[in-house]
Amino acid sequence: MRELLLEADALVRRFGGLLAVDAVSLGVRRGDIHGLIGPNGAGKTTFLNLIAGVFPVSAGTLRFRGDDITAWSAARRARAGVRRTFQNLKLFPEMTALENVSIGLHASTRAGIFAALARLPGQRREEREIATAAYAALDFVGLAHQAAVVAGTLPYGHRRLLEIARAMVAKPPLLLLDEPAAGLNETEAANLSALILRIRDEGSTIVLVEHHMDVVMAVCDTITVLNHGRKLAEGEPAAIQADPAVIEAYLGQGEASIGEAADAHA
Amino acid sequence: MSAPPLASVTAPPAMASRVATAVVLVALLALPFFQPHQFVLHMLALVAISATVALGLQLLLGFSGQLSIGQAAFYGIGAYTSALLTTKLGVPFLGALFAAGIVAAVTSLLMVPITRLTGAYLAVATLGFSILVYLFIKNEEWLTGGSFGFMGIPRASVFGTVLRNPGHAYLLCVVVAALVYFALAQLQRSRFGRAINAIRQNEDAARASGIPVTLLKSQCFVIAAFVAGLAGSLYAHQVRYLAPNDFTFWKSIEILIMVVIGGMGSLFGAVLGAAVVVLLPEVLREIGDYRMLVFGAVLMAVMLFGEAGVAGFLSAIGRRLGRALRSSGGDGGATQASAARKDRARA
Amino acid sequence: MGAGYFAELLVGGLAIGCVYSLVALGFAMIIRATGIIHFAQGELLMLGSMVALSAMWVLPKLPAIAVLVCGMLAGGVLAVAMEFLVYRPLRLRRVPLMNVITATVGMSILCINAARIIWGSEPLRYPELFATSAYEFLGLRVSPQLVWIMVFGVILMGLLQLFLRHTRTGLVMQAVAQDADAAQLMGANLTRIMVYTFAISGMMAGAAGVMVGSLFFSFFEMGFVTGLKGFVAATLGGLGSLAGAMLGGILFGLIETFSAVYVSSAYKDGIGMVLLIVILLFLPSGLVGLWKGRR
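Residues numbered from 1 in each chain as written. Chains lettered and ligands numbered in written order. Predicted model: local features only at pLDDT ≥ 70, side-chain atom pairs only at ≥ 80, totals over all residues. Heavy atoms only, no water.

**Q** Lay out the overall build of chain A with the relevant residues and their values.
**A** Broken down by element type, chain A carries 11 helices and 10 strands. Rg of the C-alpha trace for chain A: 19 Å, near the compact-globule value of 18 Å for 266 residues, within the 12% margin. Every one of the 266 residues in chain A was classed for burial, and the buried ones make up 55%. Taking all contacts inside chain A whose residues are at least 6 apart in sequence as the whole, residues at least 24 apart take part in 66%. Element-wise, carbon and sulfur atoms account for 51% of the exposed surface of chain A, whose accessible area totals about 10,900 Å². Charged side chains in chain A number 27 positive and 30 negative. The centres of these two groups are separated by 10 Å. (Helix = DSSP H or I, 4+ residues; strand = E, 2+ residues; numbered from the N terminus. Rg over C-alpha atoms; globule rule 2.2 N^0.38 Å. Buried < 20%, exposed > 50% of the residue type's maximum accessible area, 1.4 Å probe, protein only. Contact = heavy atoms within 4.5 Å. Areas by Shrake-Rupley, 256 points an atom, 1.4 Å probe, with all protein chains shown as cover. Lys, Arg positive; Asp, Glu negative; His and termini not counted. Charge placed at Lys NZ, Arg CZ, Asp CG, Glu CD.)

Put into structure tokens, the structure is as follows:
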């Protein structure tokens, strides 16, 4: 039995009077692609933000690789190996694609102000390494030909890929993907599924928040379903698809399949 | 998965740009040989000094996105520190110059907690700090001479040789400005420069990539203060008389105007802006009184019509010329990408 | 210290506190509606003061109320002009917030230097606005200037509260301040509300300008420091809260007046700056935020 990379224990998040996440516990096994689904407003993105450290938990604990990271800042978690993409894309619009990705390597490199000013050979070597690794990441997601293009001018699909490249360039042990398939057409979604599987093969464990059921069913090993901030069901994709409670949550009545229900919701 | 070897993340500056910078620098250094009038040398020295402070603010504002309207405080601290060290303690000029930067930098550590603030709150906090420094300079007469002024500051000297020749004093200011310029240009293209740029463009994403945002922002403050301190020292030994009114809020605003007019984010722009702000009132004597009025209007206009400023305007022209000269019908994007490919092949 | 001296300080602190409250209200209203820290708010104070003074030069027999109204009108009109000529185009172009704030700095510079050109750089004396002999109150002598400033200040703040709570426009303004998008969906005319917000802020500032002018004197840079202190007051009370602005103003007026005596009068302006930095660092949501947190 593979060990748990991430353990969330009864996480709670309140916003004033609103209980967005209600005592959700979750364990992510190393090497898994763990899906997190649920109807709109279920608390999926909020939960993801709790893992990423965007805001603090109202209650509960979070352990990553054995460490208690509940009180850690977002940047500290990122440095420890928890990387993420954003639902509404947070790229650096004035930088090229290559520069955007190179930011993902900031935490794994060292050259500081002095090294840059003195143009130490170590610094120059590090710059070459960063450039090479960043380019390789772009190649991995299929954007190598856009390396010198300014990110703000890229088409939407490429921007989504760029965000993923930046998040995975440092080969993070844990990668959080927040609705990476949003706005993609069928072909792009299929390519995304293949990409996610390849990222996992490179060694990252993935937590995926997603509405696009084809992608979810194609890549996930385990799925957790949230509704109204609470965990509704958890298990393998086939079991979840057939779970009547899950289907009802999506549509309120019996429905033939989760896929259709989710499409109706999306 | 093969990748061509890359030399650096950012393409190095185009050859044309490097040549242009070299030409400008040589011209500035060669100027004294043409024996211009002493007043011209003095004004250009002041431009170089102002450019140095403006470059520091460019790092703070243009690169890391922190609006500080308190740089005059560090400029003043540097000026008075250098004046005190040379007159009261007989410290040689170069030592005082360096010490001025250090003292200003250390003082800026007081501001480090402020870097947690954003936007206008940061601006107001820097303003408040700058007012406190001004009050200190004005009130502590035993130290600074207060409103009576600080007189008798010696000329700059290099390794024992006093720079009596105004051409030499001018060269000193230009050399310091050039060193600061090239140092900041180097930082801009480095890992540090990319990180602070990332902070400016999207702070959340920078955090999510593991960048220690507050630490880097603080480092920018310290560097900008150091640079302002250096400039202050040069100023003290150039005009050889200091008064608190030289270091009020208005000075901070002037420095801001230099950066904004010149173009946010452009080091060359900061220098241009300094030249405009210092020289324009001399060139247009009539507008002397209306100077700040015009600058206030220009500030609003630039905010309304685009932050690229004079430098942006010039580089847009440069790009058009470049395209016209290449005139093989290729579009700007292709030229950019092919230039990047050439760089990679060269590496 | 004797009771008489204490009473003097108290009244002085409360009076200048009312002035700061008016300026702070202007800041708070604009921040609530637009998110902008309006750097030129102090200049509205100054211009209101100068215009009212000019009115008195032209019509020396003008009663105090009319002078106050004059200053308020000037402040209001100029604020609306600023909004129309500069801030509205910036808002419509969706310019980033930092640039808008920089533009308000530019506006501030423009106003200060325009005033210097028009009215000169010398401080200008206000003629006596109120009865010159001191009032006797509970056996203590109090300057009438200070009393009337407090009276007018409280009246203006009271009128503002009535306006905001009991008129349709006022309620719409509150709605916009809380959630501009929702208010627009409900039919609020955002442009008109912006104009009203700036107009009222300008009028508050103009009134404050007349009060400060009558207390001390008018000069082209008077708005800068007083505006900054108004901002400190607003921050102390809790930025974005109108009650906080009023509370912060009074409190800051008292703090400043009393510490000038106990600490040092040379650093009097510095007290506000230190307070500002301390609040921004340790209590950013001000006293109101503290009170809300405790509940």
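**Q** Any chance you could break down helix H2 (residues 41-58) of chain C for me, citing the residues and the numbers?
**A** An ideal rise of 1.5 Å per residue puts 26 Å on 18 residues; H2 of chain C measures up with 26 Å between its terminal C-alpha atoms. Of all 18 residues that make up H2 of chain C, 15 are buried, and the element is covered over most of its length. (Expected span 1.5 Å × (residues − 1).)

**Q** Tell me what's going on with the interface of chain C and chain B, and back it up with residues and numbers.
**A** Taken together, the contact between chain C and chain B spans 37 residues of the former and 40 residues of the latter. Buried surface at the junction of chain C and chain B, summed over both partners, amounts to about 3,500 Å²; 80% is from carbon and sulfur atoms. Counting the surface chain C buries against chain B, the share from its top three residues, Ile-109, Tyr-267 and Leu-281 of chain C, is 17%. For the pair chain C and chain B, the interface holds 0 salt bridges. Across the contact surface, chain C and chain B share 3 residue pairs in polar contact (both at pLDDT 80 or more). Looking at side-chain class alone, the side of chain C that touches chain B contains 28 nonpolar, 5 polar and 4 charged residues. (Buried area = accessible area lost by both parts, 1.4 Å probe. Salt bridge = Lys/Arg side-chain N within 4 Å of Asp/Glu carboxyl O. Polar contact = N/O pair within 3.5 Å; in protein donor to acceptor, adjacent residues only side chain to side chain. Nonpolar A, V, L, I, M, F, W, Y, C, P; charged D, E, K, R; others polar.)

**Q** Requested: an account of the packing of aromatic side chains, with residues and values cited.
**A** Under the defined criterion, the tally for this structure stands at 18 aromatic pairs over all chains. With a centroid separation of 6.2 Å and 70° between ring planes, the pair formed by Tyr-80 of chain B and Phe-150 of chain B is classed as edge-to-face. A residue pair is termed long-range when its members are at least 10 positions apart, and Tyr-80 of chain B in helix H3 (residues 71-88) and Phe-150 of chain B in the loop between helix H6 (141-144) and strand S1 (157-158) qualify at 70 residues. Per residue, the accessibility class of Tyr-80 of chain B equals that of Phe-150 of chain B, and both read buried. When the ring of Phe-27 of chain C is compared with that of Phe-231 of chain C, the centres are 5.4 Å apart and the planes differ by 70°; the resulting orientation is edge-to-face. Separated by 204 residues along the polypeptide, Phe-27 of chain C in helix H1 (residues 3-34) and Phe-231 of chain C in helix H9 (residues 222-237) bring together distant segments of the chain. Taking the relative accessible area as the measure of exposure, Phe-231 of chain C reaches 2% and is therefore buried. Taken together, the aromatic side chains of Tyr-75, Tyr-80, Phe-150, Tyr-235 and Phe-247 of chain B make up a single cluster linked through ring pairs. Geometry around Phe-86 of chain A places Arg-84 of chain A over its ring, the cationic atom sitting 4.1 Å from the centre. (Phe/Tyr/Trp six-rings, centres within 6.5 Å; stacked < 30°, edge-to-face > 60°. Lys NZ or Arg CZ within 6 Å of the ring centre and 35° of its normal.)

**Q** A description of the packing of helix H5 (residues 119-139) of chain B against helix H11 (residues 268-282) of chain C should follow, citing residues and the corresponding values.
**A** It is the contact of H5 of chain B with H11 of chain C, at a shortest axis distance of 9 Å, that shows an interaxial angle of 145°. Of the two elements, H5 of chain B crosses H11 of chain C, and the hand of that crossing is left-handed. Residue-level inspection shows Tyr-121, Val-124, Ala-125, Gly-128, Phe-129, Ile-131, Leu-132 and Leu-135 of chain B of H5 of chain B in contact with H11 of chain C, the latter providing Asp-269, Gly-270, Met-273, Val-274, Leu-276, Ile-277 and Leu-280 of chain C. (Axes fitted to C-alpha atoms, helices over the stretch in contact; angles between N-to-C directions. Left-handed = near helix turned anticlockwise from the far one by under 90°.)

**Q** Any details on the interface of chain A and chain B? Residues and values, ideally.
**A** Taken together, the contact pairs 42 residues of chain A with 39 residues of chain B. Carbon and sulfur atoms supply 62% of the area buried between chain A and chain B, which totals about 3,400 Å² over both sides. Three residues stand out in chain A for area buried against chain B, namely His-106, Ile-113 and Glu-127 of chain A, and they jointly supply 18% of the buried area on that side. Applying the counting criterion to the chain A and chain B interface returns 3 salt bridges. Residues Glu-127 of chain A and Arg-194 of chain B are paired through a salt bridge, measuring 3.1 Å at the closest nitrogen-oxygen approach. The interface formed by chain A and chain B includes 12 residue pairs in polar contact (both at pLDDT 80 or more). Where the side of chain A that touches chain B is concerned, the elements lending two or more residues are helix H2 (74-80), strand S6 (82-84), helix H3 (97-103), helix H4 (113-118) and helix H5 (121-141) of chain A. It is H5 of chain A that provides the largest number of residues to the side of chain A that touches chain B, a total of 11 residues.

**Q** Which residues make up a positive patch on the surface, and what values go with them?
**A** On the surface, a cluster of positive charge is contributed by Arg-119, Arg-124 and Arg-128 of chain A together with Arg-18 of chain B. Looking at where Arg-119 of chain A falls in the secondary structure, it is placed in the loop between H4 and H5. (Patch = residues over 30% accessible without salt bridge, like charges linked within 9 Å, V, L, I, M, F, W, Y side chains within 5 Å.)

**Q** Describe in detail the pattern of salt bridges, supporting the description with residues and values.
**A** In this structure the tally under the stated criterion is 20 salt bridges over all chains. For Arg-200 of chain A, the salt bridge goes to Asp-221 of chain A, with nearest N and O atoms at 2.8 Å. Here Arg-200 of chain A, found in helix H7 (residues 186-201), pairs with Asp-221 of chain A, found in the loop between helix H8 (213-219) and strand S9 (222-227); they are 21 residues apart in sequence, far enough to count as distant. For Lys-229 of chain C, the salt bridge identified is with Asp-269 of chain C, shortest N-O distance 2.9 Å. A residue pair is termed long-range when its members are at least 10 positions apart, and Lys-229 of chain C in helix H9 and Asp-269 of chain C in helix H11 qualify at 40 residues. Taken together, the salt bridges that share partners define one network made up of Arg-200, Asp-201 and Asp-221 of chain A.

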